[in-house]
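Below are the chains, spelled out letter by letter.
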Amino acid sequence: TDSDTADEAVRATCDDATTCKRFATSKSYWKDPYIQYFARSVGERKAPEINRGYYARVKGVNLLLDAFIKKTDCRCQVINLGAGLDTTFWRLKDENLLPQKLFEVDFPAVVAKKIHYIKTKPPLSKPIIDVHSTDSLLLDAHNLESDRYCIVGADLRDISSLDEKLKKFHLNPELPTVFLSECVLVYMTPSQSSNLVHWAAETFHTAMFIDYEQVNMSDRFGQVMIENLQRRQCTLAGVEACRSLDSQKERFLRTGWEHADALDMMTVYSMLPQEDVARVERLEFLDEKELLQQLLQHYCICWASKDKLSLGLSQLAF
Ligand code: SAM
């Protein structure tokens, strides 16, 4: 059916993210020794502005994520929604920032693929086994359940089944919890993404939500971005919520979150540690500075929090 084709095109977007990250790390934009196991080859060259865009995305999201984990002294949960082939579990373990438990959710077909990679590559499976204490590790074709890392196959548009599956994997609603969604909500209708962030707010008393995705999509450049995706059968069903930084924040403020902030990626880029930005800018020559600016102005990080335990979550920022 049409909707199967549309979902298949959305699932394929995680391979794009992985090959772009693989390429950028091969050029030393940042370090990720695990991405190689999820993308067989470095693949064709990506334009310098794409590499810098991914750099800003990865650094920006990690900055907020790590700040939350440090605030809670690792006594927290991370839930990565639409995680695709993301390697955050291994990074956090290597940096001694592993939360009590990290959950990932994606479509069952994507999860099956990720689990296959984990099962067949010891550098991926060993760190999971190393932090697992009991003998109950479950690693079948569609689920991974270990003490510190769970991968769950579910459709994020079906909240009751999502809630049920996460509870089955021993999600703890009492523990401070940080959600991540990177280029995920835009594939859902505004009401589906609102339901999801509402569920997140009502399930946890102390939580943060970090969302990275498109913004300022009403202008000419935004239209071109939409058309490029449509050419690949990919509909941005949620583009309405990506009109402006305010509409991004609104989605959270209307659904039970106490505090919300949003910055476009040009601003985030200018707030990243400047020595590292200078290093990155020496890696590849970029003559189209304006193209980079336009690209970064059309993505944003929006983060929201609620803080019953008064951890100071509303102060987390760049
Ligand atoms: N977050 C990852 C990253 O940044 O590398 C992957 C990003 S990829 C562009 C979008 C991911 O969201 C895909 O893996 C896709 O399968 C997942 N996704 C989109 N809609 C979903 C839904 N309704 N249920 C579960 N996963 C979904």
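On a predicted model such as this, the values are computed, not experimentally measured, just so you know.

Visitor: Which residues make up the site of the ligand, and what are the values?
Guide: Lining the immediate surroundings of the ligand are 20 residues, of which Lys-21, Arg-57, Gly-82, Asp-106 and Asp-155 lie closest. At 2.6 Å, a side-chain N or O of Arg-57 approaches an oxygen atom of the ligand. At 2.6 Å from an oxygen atom of the ligand is found a side-chain nitrogen or oxygen belonging to Asp-106. Relative to its free-state accessible area of 590 Å², the ligand is covered by the protein chains to the extent of 97%.

Visitor: Residues and numbers for the nonpolar core, please.
Guide: Formed by 70 residues in total, the largest nonpolar core has its most connected members in Trp-90, Tyr-149, Ile-210 and Ile-301. The element contributing the most residues to this core is helix α2 (residues 48-71), with nine residues. When residues no more than four places from it in sequence are discounted, the contact partners of Ile-301 are Gly-60, Val-61, Leu-64, Ile-210, Asp-211, Tyr-212, Asp-261, Ala-262, Leu-263, Met-265, Val-268 and Phe-318. Core analysis: the next-biggest nonpolar cluster, separate from the first, contains 30 residues, Cys-150, Val-184, Phe-204 and Trp-257 among them.

Visitor: How would you sum up the layout of surface pockets? Please name residues and give values.
Guide: In this structure, the second largest pocket encloses a volume near 470 Å³. As for the second largest pocket, its lining consists of 22 residues, of which Trp-30, Lys-31, Val-58, Asn-62 and Arg-91 are closest to the centre. Looking at the lining of the second largest pocket, the elements that each hand over two or more residues are α2, α3 (88-94) and β6 (177-182). Ranked by residues supplied to the lining of the second largest pocket, first place goes to α2 with seven residues. The class makeup of the residues in the lining of the second largest pocket is nine nonpolar, three polar and ten charged.

Visitor: Got a sec to walk through the packing of aromatic side chains? Specific residues and values, please.
Guide: Inspection of every chain in the model, using the stated rule, returns 14 aromatic pairs. Their ring planes at 55° and their centres at 5.8 Å tell us that Phe-38 and Trp-90 sit as a pair that is tilted. Of the two residues, Phe-38 is situated in the loop between α1 (2-26) and α2 and Trp-90 in helix α3; the sequence distance between them amounts to 52 residues. Look at Phe-38 and you get buried, because its relative accessible area is 4%. Taking the centre distance of 5.5 Å and the plane angle of 5° together, the rings of Tyr-212 and Tyr-299 count as stacked. Highlighted residues: Tyr-212 in strand β7 (residues 206-214) and Tyr-299 in strand β9 (residues 299-307), separated in sequence by 87 residues. Each member of the pair, Tyr-212 as well as Tyr-299, carries the same accessibility label: buried. Ring pairing ties together the aromatic residues Tyr-34, Phe-38, Phe-89, Trp-90, Tyr-117 and Tyr-149, which thus form one cluster. The residue whose ring lies beneath Arg-11 is Phe-107, and the NZ or CZ to ring-centre distance is 5.1 Å. Sitting over the ring of Phe-38, Lys-114 keeps its end group 5.8 Å from the ring centre.

Visitor: Which residues make up unusual backbone geometry, and what are the values?
Guide: Of note in the backbone geometry, Cys-74 takes a positive phi value of approximately 70° without being a glycine. By secondary structure assignment, the location of Cys-74 is in the loop between α2 and β1 (77-81). Despite not being glycine, Cys-183 has its phi angle at roughly 55°, a positive value. Position of Cys-183 among the secondary structure elements: in the loop between β6 and α7 (190-203). Classification of Cys-183 by relative accessible area gives buried; the value is 17%.

Reading the values: rules and limits
- Residues numbered from 1 in each chain as written.
- Predicted model: local features only at pLDDT ≥ 70, side-chain atom pairs only at ≥ 80, totals over all residues.
- Heavy atoms only, no water.
- Near = heavy atom within 4 Å.
- Polar contact = N/O pair within 3.5 Å; in protein donor to acceptor, adjacent residues only side chain to side chain.
- Areas by Shrake-Rupley, 256 points an atom, 1.4 Å probe, with all protein chains shown as cover.
- Core = buried A, V, L, I, M, F, W, Y, C linked by side-chain atoms within 4.5 Å.
- Buried < 20%, exposed > 50% of the residue type's maximum accessible area, 1.4 Å probe, protein only.
- Helix = DSSP H or I, 4+ residues; strand = E, 2+ residues; numbered from the N terminus.
- Contact = heavy atoms within 4.5 Å.
- 1 Å grid on protein atoms, 1.4 Å probe; cavity = no way out; pocket = protein on both sides within 12 Å on 5 of 7 lines; lining within 4 Å.
- Points joined across faces, edges and corners; volume = space filled by probe spheres on them.
- Nonpolar A, V, L, I, M, F, W, Y, C, P; charged D, E, K, R; others polar.
- Phe/Tyr/Trp six-rings, centres within 6.5 Å; stacked < 30°, edge-to-face > 60°.
- Lys NZ or Arg CZ within 6 Å of the ring centre and 35° of its normal.

Interpretation in functional terms is not warranted from these geometric data alone.
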